[in-house]
Amino acid sequence: MALPPDPSEQNRMRPLRQLLDAMEADIARLYTERGITGVRPRFVAPLIRLGRRGGMTIRQLAESLEVTHSAMSQTISALQRDGLVTTAPGADARTREVVLTERARTIVPFLEAEWRATEQAVAELDEEIPYALSQVVRDLEAALARRSFHDRIADRLGEVAE
């Protein structure tokens, strides 16, 4: 009996992931061209936030950037390995604050400029295409508010299981 087709050969989300990966790779290439090593695009928001607000706990940083504590903890570990942040005693004995290293403080102005330039480039792309990326996101959010992605998948799994 022949196996059914491999479901992983159909992937409607792959083009979006590949596009976002390519855009992030272009940003990373800018860092390399400017001699900035050890910085990945996902590091930029936490570095800018720490540069603007000073030391913060991982929880505070995660909440301010609207990511999970776990994701921020992993990011902070990577930033520490790359010498961009360190930790210091927090306001009480139970907490530690994440603070920028001197190296990070020297590159934050460039990262802020890159962030602004990236936002301008995305706005330019929005103007070039017939259906703006920002509108696609809003439309998808509205559709998912009406019926969650979870429920859409669960319904399809129910159809397969029957």
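All of these numbers come straight from a predicted model, not from anything done at the bench.

Section: the overall build of the protein chain
- Summing up its helical and strand segments, the protein chain has 7 helices and 2 strands in all.
- Overall, the protein chain shows an N-to-C arrangement of helices and strands of α-α-α-α-β-β-α-α-α.
- For a compact globule of 162 residues, the expected C-alpha radius of gyration is about 15 Å, and the protein chain comes in at 20 Å, more than 25% above that figure.
- Taking all 162 residues of the protein chain together, the buried fraction comes to 22%.
- Once local pairs closer than 6 in sequence are excluded, the contacts in the protein chain between residues at least 24 apart make up 45%.
- Total accessible area computed for the protein chain in this model is approximately 11800 Å², and 56% of it derives from carbon and sulfur atoms.
- When the 22 positive and 25 negative side-chain charges of the protein chain are each reduced to one mean point, those points stand 5 Å apart.

Re the side chain of Glu112
- Looking at the element boundaries, Glu112 is found in helix 5 (residues 102-128).
- A relative accessible area of 14% places Glu112 in the buried class.
- Setting aside residues no more than four positions away along its own chain, Glu112 makes contact with Ile48 and Arg52.

Quick notes on the packing of aromatic side chains
- This model, assessed by the stated rule, comprises 1 aromatic pair.
- An angle of 80 degrees between the planes, with centres 6.3 Å apart, marks the rings of Tyr31 and Phe110 as edge-to-face. Of the two residues, Tyr31 sits in helix 1 (residues 14-33) while Phe110 sits in helix 5, which places them 79 residues apart along the sequence.
- For Phe110, a relative accessible area of 24% translates into the label partly exposed.

With respect to the nonpolar core
- Grouped together as the largest cluster of nonpolar side chains are 25 residues, with contacts concentrated most on Val39, Leu47, Leu84, Val85 and Leu111.
- Going through the elements one at a time, helix 1, helix 2 (41-53), helix 3 (58-65), helix 4 (69-81), strand 2 (96-100) and helix 5 are the ones with two or more residues in this core.
- Broken down by element, the residue count for this core peaks at 5 residues, all from helix 2.
- Leaving out residues up to four positions away in the same chain, Leu111 has contacts with Tyr31, Val39, Val44, Leu47 and Ile48.

A few points about the environment of Ile129
- Tracing the backbone through its elements, the reader meets Ile129 in the loop between helix 5 and helix 6 (133-146).
- In sequence terms Ile129 and Leu30 are 99 residues apart; their C-alpha atoms lie 24 Å from each other.

Structural notes on the pairing of strand 2
- One ladder, built from 5 bridges, connects strand 1 (residues 85-89) with strand 2; its direction is antiparallel. The residue bridging Ala88 from the neighbouring strand is Glu97, located in strand 2.
- Connecting the antiparallel pair strand 1 and strand 2 is a turn made up of 6 residues.

About the criteria used
Residues numbered from 1 in each chain as written. Predicted model: local features only at pLDDT ≥ 70, side-chain atom pairs only at ≥ 80, totals over all residues. Heavy atoms only, no water. Helix = DSSP H or I, 4+ residues; strand = E, 2+ residues; numbered from the N terminus. Rg over C-alpha atoms; globule rule 2.2 N^0.38 Å. Buried < 20%, exposed > 50% of the residue type's maximum accessible area, 1.4 Å probe, protein only. Contact = heavy atoms within 4.5 Å. Areas by Shrake-Rupley, 256 points an atom, 1.4 Å probe, with all protein chains shown as cover. Lys, Arg positive; Asp, Glu negative; His and termini not counted. Charge placed at Lys NZ, Arg CZ, Asp CG, Glu CD. Phe/Tyr/Trp six-rings, centres within 6.5 Å; stacked < 30°, edge-to-face > 60°. Core = buried A, V, L, I, M, F, W, Y, C linked by side-chain atoms within 4.5 Å. Pairing = 2+ DSSP bridges.

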